[in-house]
Amino acid sequence: MGLFSRLFGGKKDHQPVEVEPVEYKGFLIYQEPIAENGQYRIAGRITKQFAEELKSHRFIRSDVLAVKEDANELMLKKSQMFIDQMGDGIFG
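The paragraphs below set out a description of the structure included in this document. What you are looking at is a predicted structure, and each value in this text was computed from that prediction instead of being measured.

### Observations regarding the pattern of salt bridges
Once the charged atoms of two side chains with opposite charge are near each other, the side chains can pair.
Item 1. Summed over all chains, the structure comprises 6 salt bridges.
Item 2. As a salt-bridge pair, Glu-36 and Arg-41 come within 2.8 Å of each other at their nearest N and O atoms.
Item 3. Arg-41 sits in the buried class, given a relative accessible area of 19%.
Item 4. Among the ionic pairs, Asp-88 bridges to Lys-48, the shortest N-O distance being 2.8 Å.

The following block contains the structure:
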């Protein structure tokens with residue numbers, strides 16, 4: 001590994017991680033926190049199947065937490081609240 005790679009992190013292999021969704025009122029919530037500086041940013045996706053079309057909404061918040069499981073739990077709660085408030089309007 002070269003000096004610049006060690007200093008700046010080099011090229012990282014980001015393998016997609018398969019996330020098991022949580023079903024809520026016909027929506028699927030995917031908890032996908034983003035690792036940042038030793039913490040986790042609240043992030044994920046909300047999807048719903050409409051006839052033959054799968055709609056998706058990417059969800060990234062400014063909140064960061066020290067523990068990944070806490071980030072997942074907060075993302076789930078915020079997503080459920082968003083679904084309760086917006087319903088299918090999430091995709092509009």
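### With respect to helix H2 (residues 68-86)
Item 1. With 19 residues, H2 ought to run about 27 Å at 1.5 Å a step, and its terminal C-alpha atoms sit 26 Å apart, in line with that.
Item 2. Burial in H2 covers these residues: Ala-71, Asn-72, Met-75, Leu-76, Lys-78, Ser-79 and Ile-83.
Item 3. Residues of H2 that are buried make contact with strand E1 (22-24), strand E2 (27-31), strand E4 (39-50) and strand E5 (53-65).
Item 4. A positive backbone phi angle near 55° is found at Gly-87, which sits one or two residues after H2.

### Regarding the environment of Ile-29
Item 1. Mapped onto the elements, Ile-29 comes out in strand E2.
Item 2. Exposure remark for Ile-29: the relative accessible area of 0% places this residue in the buried category.
Item 3. Apart from residues lying up to four places away in sequence, Ile-29 is in contact with Pro-21, Val-22, Tyr-24, Arg-45, Met-75, Leu-76, Ser-79, Gln-80 and Ile-83.

### Overview of the packing of aromatic side chains
Item 1. If you walk through the whole model with that rule in mind, you get 3 aromatic pairs.
Item 2. Seen in terms of ring centroids, Phe-27 and Phe-91 are 6.1 Å apart; in terms of plane orientation they differ by 20°. Their pairing is stacked. With Phe-27 in strand E2 and Phe-91 in the segment after H2, the pair connects residues that are 64 residues apart, well separated along the chain. An identical accessibility class is assigned to Phe-27 and Phe-91; each is buried.
Item 3. Consider the rings of Phe-50 and Phe-91, whose centres lie 5.8 Å apart with planes at 80°: the pair is edge-to-face.

So, how was this worked out
Residues numbered from 1 in each chain as written. Predicted model: local features only at pLDDT ≥ 70, side-chain atom pairs only at ≥ 80, totals over all residues. Heavy atoms only, no water. Salt bridge = Lys/Arg side-chain N within 4 Å of Asp/Glu carboxyl O. Buried < 20%, exposed > 50% of the residue type's maximum accessible area, 1.4 Å probe, protein only. Helix = DSSP H or I, 4+ residues; strand = E, 2+ residues; numbered from the N terminus. Expected span 1.5 Å × (residues − 1). Contact = heavy atoms within 4.5 Å. Phe/Tyr/Trp six-rings, centres within 6.5 Å; stacked < 30°, edge-to-face > 60°.

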